[in-house]
Amino acid sequence: MMDSDSLNGARILIVDDESANVLLLQRILQRAGFEDLKSTTDPRHVLSLFTEFMPDLVLLDLHMPHLDGYAVMEQLRSRIAPSEYLPILVLTADVTAAAKQRALSGGARDFLTKPLDATEVVLRIRNLLETRSLHQVLQDQNVRLEEKVRDRTAALEDARLEMLARLAAAAEYRDDDTGEHAQRVGSLAAFLADALGISEEESELIRLAGQLHDVGKIGIPDAILLKPGALSTDEFEVIKTHTTIGASILSGSQSRLLQLAEEIALYHHEKWDGTGYAGLRSDGIPVPARLVAVADVFDALTHKRPYRNAWPAEDAIKYVRDQSGRHFDPSIVTALLDREGDLSSSTPGDPGHEEQGVQEP
Ligand SMILES: [Fe+2]
């Protein structure tokens with residue numbers, strides 16, 4: 001409970017057209033220890049006084065010339081936030097049920113009947129101020145809780161994104177110990193998505209999900225994944241299962257991001273002409289997977305492999321252009337060629353086996 005000292009610091013605004021009433025109230029309140037008082041006998045001044053003084057409680061006469069108490073409450077309503085508890089205590093000789101009802105629905109919290117009784121005045125005011133004070137404590141707590149929830153949510157989101165990046169890095173670790181290929185493929189796929197006019201939000205999802213395209217490599221034995229030299233047909237069949245392994249690792253999630261990652265993992269080796277891993281063709285291949293297909297090949301070509309050097313960007317672009325309508329969606333190839341100048345040159349990594357079946361030029 002609030003002690004009387006902290007309540008006595010409350011700002012109280014007195015509105016009554018009769019100065020005798022104002023004086024009486026001032027005297028009662030001062031004797032009870034309230035010091036921060038302002039008053040007016042002109043109801044037309046209430047709004048500006050209210051704004052300037054920011055009272056904790058308003059004592060308001062109902063029957064006044066120019067602007068009655070109901071009209072004043074109407075004016076004040078726009079200044080009082082719905083979340084704020086600002087008590088208006090109505091002073092009236094008019095105690096009919098209808099008048100009370102009207103005042104209550106207009107925003108009054110309580111009534112003081114004239115002639116005023118000093119003890120009752122102080123008691124009612126203390127009660128209302130105490131309620132306001134408790135209300136403010138609750139409000140402050142709510143604000144602090146909301147801040148805390150916001151902070152925790154942001155931290156959770158950061159952790160979630162970091163986990164995805166680390167999962168992608170784990171998958172790459174055995175054949176690219178920097179894990180940078182995965183990140184670059186995600187970034188390039190998002191860059192191409194943006195070039196295609198896909199929304200920023202969706203492009204960002206593609207960037208994050210694209211990093212996980214090869215997560216299924218976790219399930220490929222080292223003897224095959226790290227084998228120096230050419231793979232046999234059977235070994236290549238095993239390599240191909242990284243798409244279905246990846247999809248099953250990512251499957252069944254409620255998260256839109258993981259659903260997208262599952263789709264990309266499953267279909268990033270599809271080819272526009274239908275000659276990819278699962279034989280999907282053209283529009284049957286999900287767009288994010290088509291974007292990652294271009295990004296994956298382009299990034300692999302422009303970075304060093306154990307068995308060949310990195311291609312110059314212009315050769316890689318020529319290759320991608322030649323594959324338009326064969327391996328790649330022509331509209332994505334066009335987008336890449338349009339934005340060719342914006343492609344940042346990245347540092348050569350050391351990724352392992354080519355699963356794309358790219359031929360040397
Ligand atoms: Fe792959």
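Everything numeric here is computed off the predicted structure, so don't read it as measured data.

Cut-off values and rules
Residues numbered from 1 in each chain as written. Predicted model: local features only at pLDDT ≥ 70, side-chain atom pairs only at ≥ 80, totals over all residues. Heavy atoms only, no water. Salt bridge = Lys/Arg side-chain N within 4 Å of Asp/Glu carboxyl O. Helix = DSSP H or I, 4+ residues; strand = E, 2+ residues; numbered from the N terminus. Buried < 20%, exposed > 50% of the residue type's maximum accessible area, 1.4 Å probe, protein only. Pairing = 2+ DSSP bridges. Axes fitted to C-alpha atoms, helices over the stretch in contact; angles between N-to-C directions. Contact = heavy atoms within 4.5 Å. pLDDT = per-residue confidence, 0-100. Arc of directions from axis to C-beta. Right-handed = clockwise from strand over helix to strand, strands pointing away. Core = buried A, V, L, I, M, F, W, Y, C linked by side-chain atoms within 4.5 Å. Polar contact = N/O pair within 3.5 Å; in protein donor to acceptor, adjacent residues only side chain to side chain. Phe/Tyr/Trp six-rings, centres within 6.5 Å; stacked < 30°, edge-to-face > 60°. Lys NZ or Arg CZ within 6 Å of the ring centre and 35° of its normal.

(A) Representation of the pattern of salt bridges within the structure. Throughout the structure, instances matching the rule amount to 21 salt bridges. Residue Arg160 is joined to Glu157 by a salt bridge in which the shortest nitrogen-to-oxygen separation is 3.1 Å. On the criterion of helical spacing, the pair formed by Arg160 and Glu157 is a turn pair, its members being three residues apart in helix α6 (residues 118–172). A relative accessible area of 37% means that Arg160 is categorised as partly exposed.

(B) Structural view of the sheet that holds strand β3 (residues 57–61). Spatially, the five strands line up as an open sheet ordered β2-β1-β3-β4-β5, and their pairing is parallel. Strands at the two margins of the open sheet, each flanked by one partner only, are β2 (36–40) and β5 (110–113). With strand direction ignored, the average angle separating the axes of adjacent strands in the sheet is 20 degrees. Sitting on the sheet, helix α4 (residues 69–77) is in contact with β3 and β4 (88–92), with an inclination near 150 degrees to β3.

(C) How the structure looks around the confidence of the model for the protein. For the protein, per-residue confidence averages 89 on the pLDDT scale, and residues scoring 70 or more make up 92% of the total. Note on residues 345–352: pLDDT under 50 across the span, and 25 contacts to partners over four residues away in sequence or across chains.

(D) Summary view of α4. Turning to α4, its buried residues are Gly69, Tyr70, Val72, Met73 and Leu76. Viewed end-on, α4 has its buried residues packed into an arc of 160 degrees, placing them on one side of the element.

(E) A look at the pairing of β5. Bridge count for β4 against β5 is four bridges, and the pairing is parallel. Residue pairing across strands places Val90 opposite Phe111, the latter belonging to β5. With helix α5 (residues 97–106) bridging β4 and its parallel neighbour β5, the resulting β-α-β unit is right-handed.

(F) Inspection of the nonpolar core at higher detail. Judged by nonpolar contacts, the single largest core of 38 residues is most densely connected at Leu192, Leu212, Leu291, Val294, Phe298 and Val320. Only α6, α7 (180–195), α8 (200–210), α12 (256–267), α13 (287–301), α14 (313–322) and α15 (330–338) provide two or more residues apiece to this core. Beyond its immediate sequence surroundings of up to four residues, Leu291 is in contact with Ala189, Leu192, Ala193, Leu196, Ile198, Ile206 and Ile332.

(G) Representation of the side chain of His181 within the structure. Inspection of the secondary structure assignment puts His181 in helix α7. In this structure His181 comes out as buried when scored by relative accessible area, which is 2%. For His181, the side chain forms a polar contact with the side chain of Asp296, separated by 2.9 Å.

(H) Highlighting the packing of aromatic side chains. On inspection of all chains with the given rule, the structure shows two aromatic pairs. Ring geometry for Trp311 and Tyr319: centres 5.8 Å apart, planes at 85 degrees, overall edge-to-face. Each of the two residues, Trp311 as well as Tyr319, counts as buried. Above the face of the Tyr70 ring, Arg102 is positioned so that its terminal group lies 3.7 Å from the ring centre. The ring of Tyr277 has Lys240 lying over it, and the distance from NZ or CZ to the ring centre is 5.4 Å.

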